[in-house]
Amino acid sequence: MSIEVTNITKVYKDQKALNDISFKVNDAEIVGFLGPNGAGKSTMMKILTTYIEASEGSAKVNGFNVSSDKKNVQSSVGYLPEHNPLYTDLYVKEYLNFNANVYGTSKSRINEVIELTGLTPEAHKKISQLSKGYRQRVGLANALLHNPDVLILDEPTTGLDPNQLVDIRNLIKNIGKEKTVFLSTH
């Protein structure tokens, strides 16, 4: 089981963002987490990636508890947040090289993820020069750098034009053949 969520509740002051949520996601499965804005999708993803703690309940990613085994969860998850945090003054390869150093990942992996995500024609450009679709690809490439078993993608297709939307969906389908992909959308 890639993801196991049991009775998760998250309360922010007086606002209940998640109320007793439970679900499971199998290995090498693509699962869409659907709901309107404000439904708690991003909150759940932040809990699963150890960015925030649940108020109640428990969750495991790749068998690791998100509360007590954060380092192992983080090592096994690739995360693309809703607002893709990119250093736009860097070139694509430079940005991925920086993150490869943070992850302690082999430099050869950079070219692999560039090819996998279809960034080859844009790899020599500054991130600031890229379209939103290619910026999303850079975020996906970064999430894949350390070769995680699980990808958690928070609204990866928001704001994309129809052609970019098809490309990103196809990319996610290909990645989902080998990895668990948990993505949200409204």
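Residues numbered from 1 in each chain as written. Predicted model: local features only at pLDDT ≥ 70, side-chain atom pairs only at ≥ 80, totals over all residues. Heavy atoms only, no water.

K.L.:
What should I look at first to understand the pairing of strand β4 (residues 56-61) in this one?
P.N.:
For a regular strand, the rule is simple: side chains alternate between the two faces of the sheet. Bridge count between strand β1 (residues 3-12) and β4: five bridges; the pairing is antiparallel. Residue Thr9 lies in a different strand from β4, and its bridge partner there is Glu56. Between β4 and the antiparallel strand that follows it, strand β5 (residues 64-65), lie two residues; Asn62 among them carries a positive phi value of about 55 degrees. (Pairing = 2+ DSSP bridges. Helix = DSSP H or I, 4+ residues; strand = E, 2+ residues; numbered from the N terminus.)

K.L.:
Looking at this structure, I do not really get the packing of helix α5 (residues 132-144) against helix α6 (residues 162-175). What am I missing?
P.N.:
Between two packed helices, what matters for the description is the angle formed by their axes and the separation of those axes. At their nearest, the axes of α5 and α6 sit 10 Å apart, and the two run at 15 degrees to each other. Taken together, the axes of α5 and α6 are roughly parallel relative to one another. In this structure, α5 crosses over α6, and the sense of that crossing is right-handed. In contact with Lys132, Gly133, Gln136, Arg137, Leu140 and Leu144 of α5, α6 contributes Gln164, Asp167, Ile168, Leu171 and Ile175. (Axes fitted to C-alpha atoms, helices over the stretch in contact; angles between N-to-C directions. Parallel < 35°, antiparallel > 145°, perpendicular 65-115°, else oblique. Left-handed = near helix turned anticlockwise from the far one by under 90°. Contact = heavy atoms within 4.5 Å.)

K.L.:
Is there a simple way to think about the pattern of salt bridges in this case?
P.N.:
Here the idea is simple: oppositely charged side chains can pair when their charged atoms come close. This structure, assessed with the given rule, holds five salt bridges. The salt bridge partner of Lys41 is Glu155, with a shortest N-O separation of 3.9 Å. Of this pair, Lys41 sits in helix α1 (residues 41-48) while Glu155 sits in the loop between β7 (150-154) and α6, and the two are 114 residues apart along the sequence. With a relative accessible area of 6%, Lys41 lands in the buried category. Across the pair Lys125 and Glu122 runs a salt bridge, and its minimum N-O distance is 2.8 Å. Residue class for Lys125 comes out partly exposed when judged on its relative accessible area of 27%. What makes Glu122 buried here is its relative accessible area of 12%. (Salt bridge = Lys/Arg side-chain N within 4 Å of Asp/Glu carboxyl O. Buried < 20%, exposed > 50% of the residue type's maximum accessible area, 1.4 Å probe, protein only.)

K.L.:
When you look at the packing of aromatic side chains in this model, what are you seeing that I'm missing?
P.N.:
For any two aromatic rings, the description comes down to two numbers: the centre-to-centre distance and the angle of the planes. Under the definition given, this model contains six aromatic pairs. Between the aromatic rings of Tyr51 and Tyr79, the centroid separation amounts to 5.2 Å while the plane-to-plane angle is 50 degrees, which identifies the pairing as tilted. On the criterion of sequence distance, the pair formed by Tyr51 in the loop between α1 and β4 and Tyr79 in strand β6 (residues 77-80) is long-range, its members being 28 residues apart. By relative accessible area, which is 57% here, Tyr51 ends up exposed. Feature note: the residues Phe23, Phe33 and Phe182 constitute an aromatic cluster, connected by ring pairs. The ring of Tyr12 has Lys10 sitting right over it, with the charged end atom 5.1 Å from the ring centre. Above the plane of the ring of Tyr134 lies Arg137, whose end atom (NZ or CZ) is 5.1 Å from the centre. (Phe/Tyr/Trp six-rings, centres within 6.5 Å; stacked < 30°, edge-to-face > 60°. Lys NZ or Arg CZ within 6 Å of the ring centre and 35° of its normal.)

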